[in-house]
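Below, each chain spelled out in residue letters.
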Number of protein chains: 2
Amino acid sequence: MAIQELEEIVTRVVSGYLGQRPAGSEDKSSLQIPVGISNRHVHLCRRDIDILFGEGYEMQVQRDLSQKGYFAAKETLVIAGPKGAIARVRILGPLRAHTQVELLASDCPGLGIEVRYGNSGELAPGPQLTLIGPKGTVVNQEGIMIALRHIHMQTEHAKNLGLKDGDQISVKTHGERALVFSNVKIRTGEFNTELHLDMDEANACGVKNGTITTMII
Amino acid sequence: MAIQELEEIVTRVVSGYLGQRPAGSEDKSSLQIPVGISNRHVHLCRRDIDILFGEGYEMQVQRDLSQKGYFAAKETLVIAGPKGAIARVRILGPLRAHTQVELLASDCPGLGIEVRYGNSGELAPGPQLTLIGPKGTVVNQEGIMIALRHIHMQTEHAKNLGLKDGDQISVKTHGERALVFSNVKIRTGEFNTELHLDMDEANACGVKNGTITTMII
């Protein structure tokens, strides 16, 4: 038996125990990825901002987000369900084709609605929420979700890692509350590479904005 | 030498070093474990309940918890930090030797205190919180923590799995928000076997009380 063959067998056995590839078999730096954390927020379409804030209203930028062209607006809304409401929910810009409300799972019992997971941008019938702005009210039933964790990645970066849009990988966090997130969906485009978690997920593992995590591919 | 024979030899040698079986080779049923979820709560000592509720006060049982002899009391407290307060924080019984406040990481910014992880029962200097009851106020600085995830396990069950008090294992959850919790500490005793998570952790992976997860040993 060739030495190489033997080495492959031993590697396979050991990796079965450790659930990972041997140290040095990957380019470590390319697997490191910073976290971006989302609190609950709303994306609005033109029609809904006209109703909520007045015809032709333009959002004001409070601060730019890490992805180019995206921003947190100065404007906020009240969102209300059959059991309760949450005030000062931040709107993120720019405008989108469809209004979408991204909640935390921990928000749902207080609002009195069922937890429904979704991928940002995908509309599906779900629980109903009422959005209340200074000039009007909108009832939304299609874009209410707890957004599933995902990675924004530059298309070229994904290609170098052998990944494509829609693939799912795992990501390991470090520290006392370390965990491995499964089912992390890759979304490619003109993005800075970033792992998007919500505040429940970030609190569960003790990461902050910019904390470095490790992709397991 | 046959490849299979060689693989068996290597497996035996490696398992001798690591003292564990390779992933996937276990008796699945014995590795299944239900979740018990903690919200923020307080354990009180005799001295503090005397101050907060009056000399010799006895807590009333609201409901029994899954671990024998433990209960959620009808009584609640206000807990307050330098930036804010949380009302109706449940007290868990029975009384303990030392008062302990177990918070969620998501509570800390609103209270205005630093996140400090700890193992339940271990006292260490940390942030200061004020507990306010109907008869008095206590300032606590030693038992304030975000409790690290752990498994309560009957000593015999642990022994059968090759585990002992203080060992750390991983636990996998299932479903769309699946993840693997690392650093899950084993605590043996006269316990029902149960994985203890807090609400941040439970929301991050979509488990409820009683949801079955899988130990990775």
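Throughout this document, residue positions are counted from 1 along each chain, in the order its sequence is written. Ligands are numbered from 1 and chains lettered from A, in the order in which they are written. Side-chain atom pairs in this predicted model are given and counted only at pLDDT of 80 or more, local residue features only at pLDDT of at least 70, and totals for whole chains, interfaces and linings cover all residues. The basis for the side-chain values is all heavy atoms of the structure; hydrogens and waters are excluded.

## Re the overall build of chain A
Here's step 1: To qualify as a helix, a DSSP run of H or I must reach at least 4 residues; to qualify as a strand, a run of E must reach at least 2; elements of each kind are numbered from the N terminus. If you tally the helices and strands in chain A, you get five helices and 15 strands.
Here's step 2: Accessibility here uses a 1.4 Å probe with only protein chains present; expressed as a share of the type maximum, an area under 20% marks a residue as buried, one over 50% as exposed, and anything in between as partly exposed. Residue burial in chain A is summarised as follows: out of 217 residues, 46% are buried.
Here's step 3: Residues count as neighbours in contact if any of their non-hydrogen atoms are within 4.5 Å of one another. Residue pairs in contact within chain A that sit at least 24 positions apart in sequence constitute 66% of those at least 6 positions apart.
Here's step 4: With an accessible surface of roughly 10800 Å², chain A has 51% of that area assigned to carbon and sulfur atoms. Only the protein chains shown count as cover for residues, with accessible areas throughout obtained via the Shrake-Rupley method and a probe of 1.4 Å.

## Structural notes on the pattern of salt bridges
Here's step 1: By convention in these notes, a salt bridge is any Lys or Arg side-chain nitrogen within 4 Å of a carboxyl oxygen on Asp or Glu. A full pass over the atoms with the stated rule returns 16 salt bridges over all chains.
Here's step 2: R46 of chain A is the salt-bridge partner of E58 of chain A, the closest N and O atoms lying 3.6 Å from each other. Of the two residues, E58 of chain A is situated in the loop between α2 (46–53) and β3 (61–64) and R46 of chain A in helix α2; the sequence distance between them amounts to twelve residues.
Here's step 3: Salt bridges here are not isolated pairs; linked through shared partners, they connect R149, D198 and E201 of chain A together with R177 of chain B.

## A closer look at α2 of chain A
Since the α-helix turns once every 3.6 residues, residues separated by three or four places project in the same direction.
All names here are of chain A.
Here's step 1: When we look at burial in α2, the residues that qualify are D48, I49, D50, L52 and F53.
Here's step 2: The inward-facing, buried residues of α2 abut β4 (71–80), β5 (85–93), β8 (129–132) and β9 (137–140).
Here's step 3: Residue G54 follows α2 closely and has a positive phi angle near 110 degrees.

## Focus: the environment of Q154 of chain B
All names here are of chain B.
Here's step 1: By the element assignment, Q154 lies in strand β11 (residues 150–154).
Here's step 2: Classification of Q154 as partly exposed rests on a relative accessible area of 36%.
Here's step 3: With 40 residues separating them along the chain, Q154 and E194 place their C-alpha atoms 9.5 Å apart.
Here's step 4: Leaving out residues up to four positions away in the same chain, Q154 has contacts with G189, E190, F191 and T193.

## Description of the nonpolar core
Here's step 1: In plain words, nonpolar cores are sets of buried Ala, Val, Leu, Ile, Met, Phe, Trp, Tyr and Cys residues tied together by side-chain atoms within 4.5 Å. One finds I151 and M215 of chain A together with I151, I169 and M215 of chain B to be the most contacted residues of the largest nonpolar core, which totals 41 residues.
Here's step 2: Ignoring sequence-local partners within four residues, the contact set of M215 of chain A consists of S30, L31, I33, I151, M153, L161, I169, S170 and V171 of chain A.

## Observations regarding the side chain of D200 of chain B
Here's step 1: Turning to its location among the elements, D200 of chain B is positioned in helix α5 (residues 199–205).
Here's step 2: Of the side chains with opposite charge, R177 of chain A comes closest to the buried, unpaired D200 of chain B, at an N-O distance of 4.8 Å.
Here's step 3: Polar contacts here mean pairs of N or O atoms no more than 3.5 Å apart (in protein, one a potential hydrogen donor and the other a potential acceptor; neighbouring residues in sequence count only if both atoms are side-chain atoms). A distance of 2.9 Å separates the side chain of D200 of chain B from the side chain of S106 of chain B, its partner in a polar contact.
Here's step 4: Those residues in contact with D200 of chain B that lie beyond four places of it in its chain are D200, N203 and A204 of chain A together with L104, A105 and S106 of chain B. A positive count includes Lys and Arg, and a negative count includes Asp and Glu. His and the chain ends are not counted in either.

## Describing unusual backbone geometry
Here's step 1: The linkage connecting G93 of chain A with the following residue, P94 of chain A, adopts the cis geometry, with an omega of 5 degrees.
Here's step 2: The residue N183 of chain A is not glycine, and still its phi comes out positive at about 55 degrees.
Here's step 3: Turning to its location among the elements, N183 of chain A is positioned in strand β13 (residues 179–189).
Here's step 4: A residue is classified by how much of its surface remains accessible, and N183 of chain A, at 30% relative accessible area, is partly exposed.
Here's step 5: Its identity is not glycine, yet R88 of chain B carries a phi of approximately 55 degrees, on the positive side.

## Section: the pairing of β3 of chain A
Residue and element names in this part refer to chain A.
Here's step 1: DSSP calls a pair of strands paired once it identifies at least 2 bridges connecting them. Summarising the sheet, β3 and β4 pair through three bridges and their orientation is antiparallel. Bridged to V61 within β4 is A73.
Here's step 2: Linking β3 to β4, which pair antiparallel, is a turn of six residues; within it G69 sits at a positive phi near 90 degrees.

## Examining the domain arrangement of chain A
Residue and element names in this part refer to chain A.
Here's step 1: Domains are outlined according to an automatic or database domain assignment. Structurally, chain A comprises domain 1 (27–36 + 149–216) and domain 2 (40–147).
Here's step 2: Contact with domain 1, which involves eleven residues of that partner, is made by ten residues of domain 2.
Here's step 3: Between domain 1 and domain 2, roughly 840 Å² of surface is buried when both sides are summed, and carbon and sulfur atoms account for 36% of that area.
Here's step 4: Per-residue buried area on domain 1 facing domain 2 is highest for N192, D198 and D200; these three make up 41% of the total on that side.
Here's step 5: At the boundary of domain 1 and domain 2, one finds zero salt bridges.
Here's step 6: Between the two partners, domain 1 and domain 2, sit six residue pairs in polar contact (both at pLDDT 80 or more). When two components associate, each loses some accessible surface as probed by a 1.4 Å sphere; the sum of these losses over both components is called the buried area.

## A short note on the confidence of the model for chain A
Residues and elements named next belong to chain A.
Here's step 1: For every residue, the predictor reports its confidence as pLDDT, a number between 0 and 100. On average, residues of chain A score 90 in pLDDT, and 88% of them reach the 70 mark or higher.
Here's step 2: Element-level pLDDT for chain A is lowest in helix α1 (residues 3–18), with a mean of 65, against a maximum mean of 98 in α2.
Here's step 3: pLDDT under 50 marks residues 22–26. Its contacts with residues more than four places away, or in other chains, come to four contacts.

## What to know about the environment of K135 of chain A
All names here are of chain A.
Here's step 1: Tracing the sequence through the fold places K135 in the loop between β8 and β9.
Here's step 2: Between the C-alpha atoms of K135 and G210, which are 75 residues apart in sequence, the distance is 37 Å.
Here's step 3: Excluding residues that lie within four positions of it along the chain, K135 makes contacts with I51, L52, F53 and G54.

## Points about the pairing of strand β14 (residues 194–198) of chain B
Residues and elements named next belong to chain B.
Here's step 1: With five of five residues buried, β14 lies mostly within the body of the structure.
Here's step 2: The alternating pattern of β14 places E194, H196 and D198 on one face and L195 and L197 on the opposite face, and all of these are buried.
Here's step 3: Two strands pair when backbone bridges link them, and strand β1 (residues 32–38) and β14 are joined in this way by four bridges, in the parallel orientation. By the bridge assignment, I37 is partnered in β14 with L197.
Here's step 4: As defined by bridge partners, β11 adjoins β14 across three bridges and the pair is classed as antiparallel. Bridging across to β14, I151 finds its partner in L195.

## Observations concerning the side chain of E194 of chain A
Residue and element names in this part refer to chain A.
Here's step 1: Position of E194 among the secondary structure elements: in strand β14 (residues 194–198).
Here's step 2: Look at E194: it is buried, it has no salt bridge, and the nearest opposite charge is R63 at 9.5 Å.
Here's step 3: Each residue touching E194, except ones within four places of it in the same chain, is listed here: I33, P34, V35, G36, S66, Q67, H150, I151 and H152.

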